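As a plain string of letters, each chain reads:
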Amino acid sequence: MKSSETPNPKAERLIDVAIRRSFIIPSAEIYGSPAGFYDYGPVGCAIKHRLENLWRSEMLQKEGFHEIETTCILPEAVFKASGHAENFSDPVVSCKKCNQRFRADHLLAESPGFIASGAKAEGMQPQELADAIRKYKVACPNDLGELTDVTRFNMMFKTAIGAGEERVAYCRPETAQGIFLDFARIVRNYGSRLPIGIGQVGRSFRNEISPRQGIVRVREFSQMELEYFFNPKYQTHPKFESVKGEKLAFELEDGTVSECTLAETVERGIVPNQIMAYFLWKQERLYIAAGVPRDKFRFRKIPKNDTPHYSRGNIDLVVDTSYGWIETVGTAYRTDYDLSSHAKASGTDLSVFVEEEKKKVVPHVVEPSMGVERMFWCVLEHCFREKSPEKDWEWFDFPPSIAPYHAWVFPLMRKDGMEEKAREVEALLRESGLIVYCQESGSIGKRYARADEIGVPYCITVDYDTMKDDTVTLRFRNDGKQARLKIGELAGKIAALAKEGKVNADFA
Ligand code: GAP
């Protein structure tokens, strides 16, 4: 499907770089690449896994939460109960001339008359959209044809389970539902105590009407979702006290932006409770660790009429990109909506017996939901560096914790035993758990450039001196300077530098 997307040279250039350097590959490319599907190439796949591991470490392991992996295909009954069968839809219009379909709110948001009005298309109801489309004379972006009325289109991919007696099923549009379905068994196995955090990383599927903006709005993507189940009587978080003075940048419903302490966000009712405030702070730490500068993102309070059907309060993390400010994390106070809906629809008790209160409680849920592709895109945008007098090539300033490799290893020349020695160094570093790659061809300058171009923080060169004294050069990506080290010290040194995020030679 053709989209109504307006040209964006900066973003298009970055997509081109990302494709040329094996970060991403349009899916099924030799068959014409259907819109909204991307593969990860070797470099992108490595970065994606490191982003996911960073999330695991920060959001699950450091919090003592559980990770599970649930199936992507679920029976229809799940989505009837969750409300997705009825509500998970976007507004669409078709062109009466060419029959192409578009997302009504996107078309409206891009029309000059509507932009000038200062209004927001997000969250408008179908009739409001239809009226505005007429008022601002929005037409088909292909052939200026007249548009139909606005209808709703359910975005779930439908499928069927089994041959013969087929059972209707859907590819999940969020990973969260699998967690709600497994909740009762997990909480029982872990002593039936609240609060409990359960998370997962996995694929989600949405048949987006206009996939667009590269990997920002796709039809198959990965989510990192945490469901924090708690007793609604206690809207507090045990770690809140230690972070309550930390500040976050908040964009409020009237569009103003201000720095608020976590304590203020709760006191002023910007966020519904301490729990949500605490997880917003965790997101801030995670985004900074992944290489997105603090002044390039903020938290946006979502107006009531734009919150999902299950939520009693939503805050998005939005990032400044060449596509404008985009939502990359959605945090929702889902209350007991999902557990109660599934309990009712399945006839299964999903409450937890609270010993101190001698009664059963249906837990409430706060859910921070992160999209991997959007985080990946923001990291690419904010770590991309142009050519400069110091570096005659474009490069990526990834923090070592998310770079695709810890280091690349080069023999200075492919002779006099240097190639074999470089292979030995590569094997030694791999044995110690580092992700390394031995690159033998091209001039040494070209190899440094290639490593910089995909953001490798350290390069190791085996040269003639190595053959005499077992030392190598360790080159630092950001300033291009070098230090000389014993091979035996390399693994420990690189691991330590990477852990501390040090990418300049003065730290050697
Ligand atoms: N479980 C709640 C949920 O799924 P959401 O705001 O619809 O909430 C959460 O999605 C995150 O998933 C978004 O903030 C975004 O990062 C990512 N996401 C959603 N739709 C996406 C799409 N079509 N392409 C890429 N990422 C998407």
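As shown above, the structure is provided for reference.
Conventions adopted
- Residues numbered from 1 in each chain as written.
- Predicted model: local features only at pLDDT ≥ 70, side-chain atom pairs only at ≥ 80, totals over all residues.
- Heavy atoms only, no water.
- Helix = DSSP H or I, 4+ residues; strand = E, 2+ residues; numbered from the N terminus.
- Buried < 20%, exposed > 50% of the residue type's maximum accessible area, 1.4 Å probe, protein only.
- Polar contact = N/O pair within 3.5 Å; in protein donor to acceptor, adjacent residues only side chain to side chain.
- Pairing = 2+ DSSP bridges.
- Contact = heavy atoms within 4.5 Å.
- Axes fitted to C-alpha atoms, helices over the stretch in contact; angles between N-to-C directions.
- Near = heavy atom within 4 Å.
- Areas by Shrake-Rupley, 256 points an atom, 1.4 Å probe, with all protein chains shown as cover.
- Nonpolar A, V, L, I, M, F, W, Y, C, P; charged D, E, K, R; others polar.
- Salt bridge = Lys/Arg side-chain N within 4 Å of Asp/Glu carboxyl O.
- Phe/Tyr/Trp six-rings, centres within 6.5 Å; stacked < 30°, edge-to-face > 60°.
- Lys NZ or Arg CZ within 6 Å of the ring centre and 35° of its normal.
- Left-handed = near helix turned anticlockwise from the far one by under 90°.

Student: Please set out the side chain of R212 residue by residue, giving values where relevant.
Tutor: Tracing the chain through its elements places R212 in the loop between β10 (196-205) and β11 (220-230). A relative accessible area of 8% places R212 in the buried class. A polar side-chain atom of R212 sits 3.5 Å from a polar atom in the side chain of H106.

Student: Now, about the sheet that holds β10: what can you tell me, with residues and values included?
Tutor: Spatial ordering of the open sheet is given by β3-β10-β11-β19-β16-β15-β14-β12-β13, a layout of 9 strands whose pairing is mixed. Two strands in the sheet have a free side with no partner beyond their single neighbour: β3 (66-67) and β13 (257-261). Bridge count between strand β15 (residues 314-321) and strand β16 (residues 324-335): 8 bridges; the pairing is antiparallel. Looking at the pairing, D316 lines up with G330 of β16. Contacting β3, β10, β11 and β19 (364-371), helix α2 (residues 42-60) crosses the sheet at an angle of about 5° to β11.

Student: So what about the site of the ligand? Which residues, and what values?
Tutor: Neighbouring the ligand are 19 residues, the closest being E174, E208, V218, E225 and E327. Between an oxygen atom of the ligand and a side-chain N or O atom of Q223, the distance comes to 3.0 Å. Protein chains shield 91% of the accessible area of the ligand, which is 550 Å² for the free molecule. Looking at the shell around the ligand, the elements with two or more residues in it are β11, β16 and β19. Among the elements that line the shell around the ligand, the one with the most residues is β16, at 5 residues. Taken together, the residues of the shell around the ligand break down into 5 nonpolar, 5 polar and 9 charged.

Student: Hey, could you go over the pattern of salt bridges for me, with residue numbers and the actual values?
Tutor: The final tally for this structure, using the stated rule, is 45 salt bridges. Between R134 and D131 there is a salt bridge, with its nearest N and O atoms 3.8 Å apart. Placement of both R134 and D131 in helix α7 (residues 126-135) is noted, with a separation of 3 residues, approximately one turn of the helix. For R134, a relative accessible area of 51% translates into the label exposed. Linking D349 and K360 is a salt bridge whose minimum nitrogen-to-oxygen distance equals 2.6 Å. Note that D349 is positioned in the loop between α12 (337-346) and β17 (352-354) and K360 in strand β18 (residues 359-361), a separation of 11 residues in sequence. Under the relative-accessibility criterion, D349 is labelled partly exposed at 44%. The class of K360 is exposed, set by a relative accessible area of 53%.

Student: Summarise the packing of aromatic side chains; cite the residues concerned and give the values.
Tutor: Going through the model one piece at a time under the given rule, you end up with 26 aromatic pairs. An angle of 55° between the planes, with centres 5.4 Å apart, marks the rings of W408 and Y437 as tilted. Remark: Y437 occurs in strand β23 (residues 436-438) and W408 occurs in strand β22 (residues 407-411); sequence separation between them is 29 residues. On the basis of relative accessible area, W408 is assigned to the buried category, the value being 6%. Judged by its relative accessible area of 34%, Y437 is partly exposed. An aromatic cluster is defined as three or more aromatic residues linked by ring pairs; in this entry it consists of F65, Y228, F230, Y278, F279, W281 and Y333. In this arrangement the basic side chain of R475 is found over the ring face of Y448, its NZ or CZ atom lying 4.4 Å from the centre.

Student: Kindly report on the packing of helix α8 (residues 176-189) against α12, identifying the contributing residues and their values.
Tutor: Packing of α8 against α12 brings their axes to within 10 Å, and their N-to-C directions diverge by 65°. Relative to α12, α8 is oriented so that their crossing is right-handed. Together, Q177, F180, L181 and F183 of α8 and D338, L339 and H342 of α12 make up the contact between the two elements. Among the residues forming the contact of α8 with α12, the class breakdown is 4 nonpolar, 2 polar and 1 charged.

Student: Quick rundown of the side chain of E52? Include the residues and the values.
Tutor: With respect to the secondary-structure elements, E52 resides in helix α2. Using a relative accessible area of 6% as the deciding quantity, one classes E52 as buried.

Student: Would you mind going over the pairing of strand β8 (residues 158-161) in detail, with residue names and values included?
Tutor: With 4 bridges connecting them, β8 and strand β9 (residues 167-171) associate as antiparallel partners. By the bridge assignment for β9, T159 is matched with A169. The hairpin formed by β8 and β9 contains 5 residues between the paired strands, and G162 there has a positive phi angle of roughly 85°.

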